[in-house]
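Examining the three-dimensional arrangement
Here are the chains, one letter per residue:
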Amino acid sequence: MHHAAIGVVKQPTSPDALNAYGAALEAASRPAEAAEAYESGLALAPQSPTLMTHLGNARRAAGQLAGAEEVLREALVLRPAGPEAAATYNSLGAVLQAAGQMEAALEAYQAAAANAAPGDADGLHATATANLNKLPTSDAYRGAAARETEALARRGAAAALAA
């Protein structure tokens, strides 16, 4: 983190330096401080989808899911397609999944996979596909969840009759 902090001191008005500083803070498990650095960068470069995506990730890590979703959606308005958008869609999917919005997360991960080319250098397609496969939205999952819900209901009814 030392080098990024020096960059901020030398270039306090540089969105790139603030982005690097935010990344260093995230790597140090300080997401709230990272979010502040990204917000400072956005004050200087308000149309930067990259800074918005990084801010969304930091907010998610800090547990600020609503704020994360908002800024990620703003980034997608500015950059709705392409490999860079794939990273933002992946981040949005993670936020929506953490918020329990599985169908919306599924759509975001599908958009990430659609915007990232298979075999891309950053592994965005593989990440999106892995995230899709982990989502509890498959037919098998729904069937198992329905069976478990029915079993719990039967046990609850049986317990009520026994009481």
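Residues numbered from 1 in each chain as written. Predicted model: local features only at pLDDT ≥ 70, side-chain atom pairs only at ≥ 80, totals over all residues. Heavy atoms only, no water.

Details of helix α3 (residues 31-44)
The terminal C-alpha atoms of α3 lie 20 Å apart, and with 14 residues this matches the ideal 20 Å at 1.5 Å per residue to within 8%. By the burial criterion, the buried members of α3 are Pro 31, Ala 34, Ala 35, Ala 37, Tyr 38, Gly 41 and Leu 42. Taken around the axis of α3, the buried residues stretch over an arc of 160°, which confines them to a single face. Those residues of α3 that are exposed and angled more than 90 degrees off the buried face are Glu 36 and Ala 43. Of the surrounding secondary structure, the elements contacted by the buried residues of α3 are α2 (15-27) and α4 (49-61). (Helix = DSSP H or I, 4+ residues; strand = E, 2+ residues; numbered from the N terminus. Expected span 1.5 Å × (residues − 1). Buried < 20%, exposed > 50% of the residue type's maximum accessible area, 1.4 Å probe, protein only. Arc of directions from axis to C-beta. Contact = heavy atoms within 4.5 Å.)

Comments concerning the environment of Gly 123
Examined against the element boundaries, Gly 123 turns out to sit in the loop between α7 (102-115) and α8 (124-134). For the pair Gly 123 and Ala 87, spaced 36 residues apart in the sequence, the C-alpha separation amounts to 9.8 Å.

A closer look at the pattern of salt bridges
Inspection of every chain in the model, using the stated rule, returns 3 salt bridges. Put simply, Arg 30 and Glu 33 hold a salt bridge, and the shortest N to O gap is 2.7 Å. In this structure Arg 30 comes out as partly exposed when scored by relative accessible area, which is 28%. Classification of Glu 33 by relative accessible area gives partly exposed; the value is 34%. The residue Arg 73 makes a salt bridge to Glu 69 at a minimum N-O spacing of 2.9 Å. (Salt bridge = Lys/Arg side-chain N within 4 Å of Asp/Glu carboxyl O.)

Section: the packing of helix α6 (residues 83-98) against α8
At a closest axis distance of 10 Å, the pairing of α6 and α8 adopts a crossing angle of 25°. Classed by the angle they form, the pair α6 and α8 counts as roughly parallel. Considering how the two elements wind past one another, α6 and α8 form a crossing that is left-handed. Between α6, through Pro 83, Ala 86, Ala 87 and Asn 90, and α8, the contact on the second element is made entirely by Leu 124, Thr 127, Ala 128 and Asn 131. Residue composition of the contact of α6 with α8, grouped by class: 5 nonpolar, 3 polar and no charged. (Axes fitted to C-alpha atoms, helices over the stretch in contact; angles between N-to-C directions. Parallel < 35°, antiparallel > 145°, perpendicular 65-115°, else oblique. Left-handed = near helix turned anticlockwise from the far one by under 90°. Nonpolar A, V, L, I, M, F, W, Y, C, P; charged D, E, K, R; others polar.)

Here's the deal with the confidence of the model for the protein
Here the protein averages 82 in pLDDT, while 74% of its residues score no lower than 70. Contacts of residues 156-160 to residues separated by more than four positions or lying in other chains number 0 contacts, the stretch itself having pLDDT below 50. (pLDDT = per-residue confidence, 0-100.)

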